[in-house]
Amino acid sequence: MMNEAAGNGVFLGMDPARYLGKMEKSRKGSIRIKSKSRSNVTVRLVWIVLILLTVLAFATFRYKQIDLTEAVQSTFHNIGTVFFQPELTYDTFGGALYQLLITFCLGALSTGIGAAAALFLSLLCAKNMANSKVAAVVKGFVAVIRAVPTVLWVLIFAVSAGLGSVAAVIGLSFHSISYLTKCYAESIEEMEAGTIEALKASGANFWQIVFQAVWPATASYMVAWTFMRFEINFTNAVAMGAAAGAGGIGYNVFMAGSFYLDLHEMGFLTYMIVIAVILLETVSTKIKAKVK
Amino acid sequence: MPILELKHVSKIYGAGTKALEDVSFAVEEGEFVSVIGPSGAGKSTLLRCINRLVDATQGAVFFDGEDVTGLDKKGLRRVRTKTGMIFQHYNLVERLSVMENVLHGRLGQKGTLAGMIGHYSEEEKVEAFAILEKLGLAEQAYKRCDELSGGQKQRVGIARAIMQRPRLILCDEPIASLDPSSSKVIMDQLKEINQTMKITCILNLHQVDVAMQYSERIIGITAGHVVYDGPASRLDQETIHQIYQSRSGALITDRAERAV
Amino acid sequence: MEKAQDQMEKQQGCAKGTPDFFRKRRRTDLLFAACVLGLFVFSSALTGFSLADGISSIPRALVWMGQNLIPDEQALTRLPKVLSRLYETAMLSVAVTVLAAVLAFLFSLAGSKTTGRGRLFPRLVRIVAAFFRNVPDVVWSILLMFSFGQNILTGFFALFFTTFGLLTRAFIETVDEVSASCVEALTSTGASFFPIVFQGVIPSAMSGLMTWILYMIETNIRSSTLIGILTGTGIGYLFDLYYKRLEYPTASLVVLSIVVLVLLIETISNRVRRAIL
C-alpha cells in the first residue's frame, strides 16, 4: 500500500499558492464546484416554479365532498370489469369493426387534407424559402390555430356546417395543418443550404426549385411526419366521436359508458381501439426506421 | 506479486462471437503496458473484463491477489475504486462543471446519500484543484465540460481517474479522437503519472509507433488471442504484420521505417 | 463535326440509360399517389364526407364565427368565472404533468437499456407504458366518472394515466440516448446505482426531460378541455355549458381565454428551451 500512502501527495505537495487563487467560494463559504451557467440556473428556477404550482394546485382544487377510499376502491373494481371482462352486448362485432373503420377513415381524411395544405404553407414559412415577414405571419396564424383545442374546432364547425363527417374532418384537419406545417417547415430548413442556392444561381424560379429540390429532398421526412400525425389523428377521431358526437367507434364508447352504463361493452371497444393504435404505431415506427 | 494477473480469460458474446480466447498475462506494479491490435480484435473487451464492465465467460482475473470474477457487488465496487478508467470518447457528464466531473472520481468511496447530492469535503475539493492545476486545467475548473476542446476533455477524464487514487489506470483508446498535438500532451501526462505516482497503466492503442515510443512492454492481440507479449524493443516489423494480419508494406508504419 | 456527332451520341447514350431509372421512380410515385387518392375517395364514400362541402364550409364557418363568436358585454360580466375555471385547468395540467413526470422518470430508469436491470423488467415497463399510452383518455374519463363523478379528480386521473404513458416512452428514449457513456464511466469509478443516476443520468438528460414536460403541460391544457366536456369539469365544462345554451359570445370568450393561455405557455416554454439547450 506504499503507493496509496503517497496518494495524490505528489500533487498536493505542489505549491498551493499556484491554484488557491483560482478557487471560488460559494455563498456558504465552502469551495464552489458547480458552474454558474444560464442553463443550470434556468433549470433550477423552472423546477422550483413547477413544484410550487403543483403544491398550490392541490391546495386550491375544489374537491367537493368525496369519499376517496371508496372512490378508489370502486375505480379498481371498474378497471377490473373493463379490462378483464370485456364483452359485447349492444354492438355486434361486425358493427363495431365497421365503426372502427369509420374512425380510421376520419383520421385518414383529416391527415390527407392537413398534409395537402401543409405542403404549401410550409413553403411559406420555411426560413430558407420564404421572406421573413410572410413566414412570421404564417407561423403566427398556425400557432393560433393550434392553440384552440381540436374538440372546440369540431364543435364550432358543427354549428356552422352541421353535425356530421364534414365538421369532424375539417375540425380535425385544422390541427393537422398547423402541426404538419411546423414539421414540414423544419424538414425544409434542415436541407443543405447549397442545394437551393445552386438552383437559384442557375436561374430556376420558385416552383422549379420546389419541384426539383425541396420536395424530392424532404419527401421521406414528410412521409414519416405524416404517418405520425395519422396516428395522432386516429386517437383524436376516437375522442371526437365520444366528446363531440362525430361518429365512429368513439361514439360507441361514449354510448356504452355514459348511456348504457355497460363497462363490459366499453372494455371490448377499448381493446379494439388499443389494438388498432398499436398496429398503427408499429407501421409508423417501421416507416420512420426506413426513412432514417 | 503481480498487481494484475489474467488466467485463461475468454469472452463469448450472446450471438456466439468470440471476443477473447484463453488470454493470460501478468502485469507488475508500476508497469506501463500498451495493448495493440486491429479494430475488433478484442482490446476493449479485454480492458472491460478487468474491472468487469464486461463479465468474462471463462477464466479468472486477479487484482492485487484477489479474484475479481468471483466478487460480490460490494467487493466489485471496492476493486473498481482502485482502478481508474479513461475512455476514447471521454465519457464525461458534459453538462456538469469540470470540478464536478473530477470529483466524480470519489463517488465510489462515498455513501449513497452523499454521492447522490454530490457532497464533497473541502480536502477533496482542494485535491481536485491540485490535480487540475497539475494537468493545466485549473482555469477551466468552473466551465461546463461541453465548452472544452477534445484534448481538454480527455485531461478532465485523466483528472477524474487520478481523483480515485487508483493503483491501476485502464485507458481505452485515449488518443483515438484527438489531434496529434493533444495526443502528445495526453500521452506525456499518462507517462508522468505512471512514473511519479507509480500507478500502473494499461493502454489500448492502435497507433503502433505511439505504443513503441511510450511503453516498455507491448501486448499484441489478434482475433481474441495474444500473439505477442514482450518488450517494445523486441517488437519487429514481422510481428507487427502478424498482429495486424497484413502484408508487408500495407501499414503506415512501414513507410515511417523506410523514411528513417 | 465528327466530334459534335460523338458528343451527340454520348448524350443519347446517357439519355437511353436514364429513362429506366426515371420511369421506375415515376411509377412508384404514381402508385403512391394513386394509393393516397384511392384511400381518400374510399374514406369519403364511407363517411359521407365531400371535399367540396368541406371547403365551402370554411368560409361559412368564418362568417358565422365573425357574427357569433365575438364576446359581448354579457360575456364580459362572466369573465371572472371563466378566469377561475381557466386557472383551475392550468393548475390541473401543471400538477398532472409534474407528478406524472416524476413517476415516469422512475419507470424510465427501470425501462431504459442503460440503467435497467436484466431483460425481462425493462420489457415489462415498456408494455405497461404502452398500455397507459394507448387506452384513450376518453375511456379513462368515462371510467373514472363512475366512481368520482363530476369531480376535478376525474380529470386529474384521466390525464395522469395518459401523460404517464406518453412521458415514460419519451423519457426512456431520452435516457437511452444521453446516458450510456456517463453510466459506464461512473460505474467504473465504483459508484453505486443512485449516485450514478443523480450525478450522471439526471444532469445529462435534464434538458431533454424539461422539453418534454413543457410540451406536455401545453398538450394537457388542450386535452383537459376535451375531458372537461365529457366529465363536466374545468374550462371544458364551461364551454359546453354556454355552447349548449347557445350563448355563443360567452362560449367565444372561453375559446379566446384558452388561446391566450396556450400561447402564453408556448412562449414561456420556447424561452426556457432556448436557455437550457
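1. What about helix 12 (residues 249-259) of chain A?
Residues of helix 12 of chain A that are buried include every one of Ile249, Gly250, Asn252, Val253, Met255, Ala256 and Gly257 of chain A, and no others. Residue Leu261 of chain A follows helix 12 of chain A closely and has a positive phi angle near 55°.

2. Brief notes about the state of the cysteines
For the coordinates displayed, the defined rule picks out zero disulfides over all chains. Free of any disulfide, Cys171 of chain B has its nearest neighbouring cysteine sulfur in Cys201 of chain B, separated by 5.4 Å. Between Cys182 of chain C, a cysteine without a disulfide, and Cys145 of chain B, which holds the nearest cysteine sulfur, the sulfur-to-sulfur distance is 11 Å. For Cys182 of chain C, a relative accessible area of 1% translates into the label buried.

3. Topic: the sheet that holds strand 2 (residues 18-27) of chain B
Residue and element names in this part refer to chain B. Judged by pairing direction, the sheet is antiparallel, and its four strands sit side by side in the order 2-1-4-5 without closing on themselves. Whereas interior strands pair on both sides, the edge strands pair on one side only; in this sheet they are strand 2 and strand 5 (66-67). Examined bridge by bridge, strand 4 (residues 58-63) and strand 5 share two bridges and lie antiparallel to one another. Along strand 5, the bridge assignment pairs Phe62 with Asp67. The strands touched by helix 1 (residues 43-50) are strand 1 (4-12), strand 2 and strand 4; relative to strand 2, the strand with the most contacts, the crossing angle is about 60°.

4. Regarding the pairing of strand 4 of chain B
All names here are of chain B. Examined bridge by bridge, strand 1 and strand 4 share five bridges and lie antiparallel to one another. Each bridged residue has a counterpart across the sheet, and for Ser10 the counterpart in strand 4 is Gln58. Turn length for the strand 4-strand 5 hairpin, with the two strands adjacent in sequence and antiparallel, is two residues, and the turn residue Asp64 shows positive phi of about 55°.

5. A look at the packing of aromatic side chains
Describing an aromatic ring pair means giving the distance of the ring centres and the angle of the ring planes. Counted according to the given criterion, the structure contains 35 aromatic pairs over all chains. With a centroid separation of 5.3 Å and 85° between ring planes, the pair formed by Phe156 of chain C and Phe157 of chain C is classed as edge-to-face. Under the relative-accessibility criterion, Phe157 of chain C is labelled partly exposed at 26%. In this structure, Arg32 of chain A packs its charged tip against the face of Tyr142 of chain B, placed 4.2 Å from the ring centre. Lying across the ring of Tyr179 of chain A, Arg229 of chain A places its NZ or CZ 4.8 Å from the centre.

6. Here we look at a nonpolar patch on the surface
On the surface, Tyr98 and Leu101 of chain A together with Leu39 and Phe42 of chain C cluster together into a nonpolar patch covering about 340 Å² of accessible area. When contributions to the nonpolar patch are tallied by element, the ones reaching two or more residues are helix 6 (93-125) of chain A together with helix 1 (2-47) of chain C. Within the secondary structure, Phe42 of chain C sits in helix 1.

7. So, the packing of helix 10 (residues 193-201) of chain A against helix 11 (residues 206-243) of chain A
All names here are of chain A. Running from amino to carboxyl end, helix 10 crosses helix 11 at an angle of 150°, the nearest separation of the two axes being 10 Å. In terms of their interaxial angle, helix 10 and helix 11 are classed as roughly antiparallel. Considering how the two elements wind past one another, helix 10 and helix 11 form a crossing that is right-handed. Across the interface between the two elements, Thr195, Ile196, Leu199 and Lys200 from helix 10 touch Ile209, Gln212, Ala213 and Val214 from helix 11. When grouped by side-chain class, the residues that make up the contact of helix 10 with helix 11 number five nonpolar, two polar and one charged.

Cut-offs used in this document
- Residues numbered from 1 in each chain as written.
- Chains lettered and ligands numbered in written order.
- Predicted model: local features only at pLDDT ≥ 70, side-chain atom pairs only at ≥ 80, totals over all residues.
- Heavy atoms only, no water.
- Buried < 20%, exposed > 50% of the residue type's maximum accessible area, 1.4 Å probe, protein only.
- Helix = DSSP H or I, 4+ residues; strand = E, 2+ residues; numbered from the N terminus.
- Disulfide = S-S within 2.5 Å.
- Pairing = 2+ DSSP bridges.
- Contact = heavy atoms within 4.5 Å.
- Axes fitted to C-alpha atoms, helices over the stretch in contact; angles between N-to-C directions.
- Phe/Tyr/Trp six-rings, centres within 6.5 Å; stacked < 30°, edge-to-face > 60°.
- Lys NZ or Arg CZ within 6 Å of the ring centre and 35° of its normal.
- Patch = residues over 30% accessible without salt bridge, like charges linked within 9 Å, V, L, I, M, F, W, Y side chains within 5 Å.
- Areas by Shrake-Rupley, 256 points an atom, 1.4 Å probe, with all protein chains shown as cover.
- Salt bridge = Lys/Arg side-chain N within 4 Å of Asp/Glu carboxyl O.
- Parallel < 35°, antiparallel > 145°, perpendicular 65-115°, else oblique.
- Left-handed = near helix turned anticlockwise from the far one by under 90°.
- Nonpolar A, V, L, I, M, F, W, Y, C, P; charged D, E, K, R; others polar.

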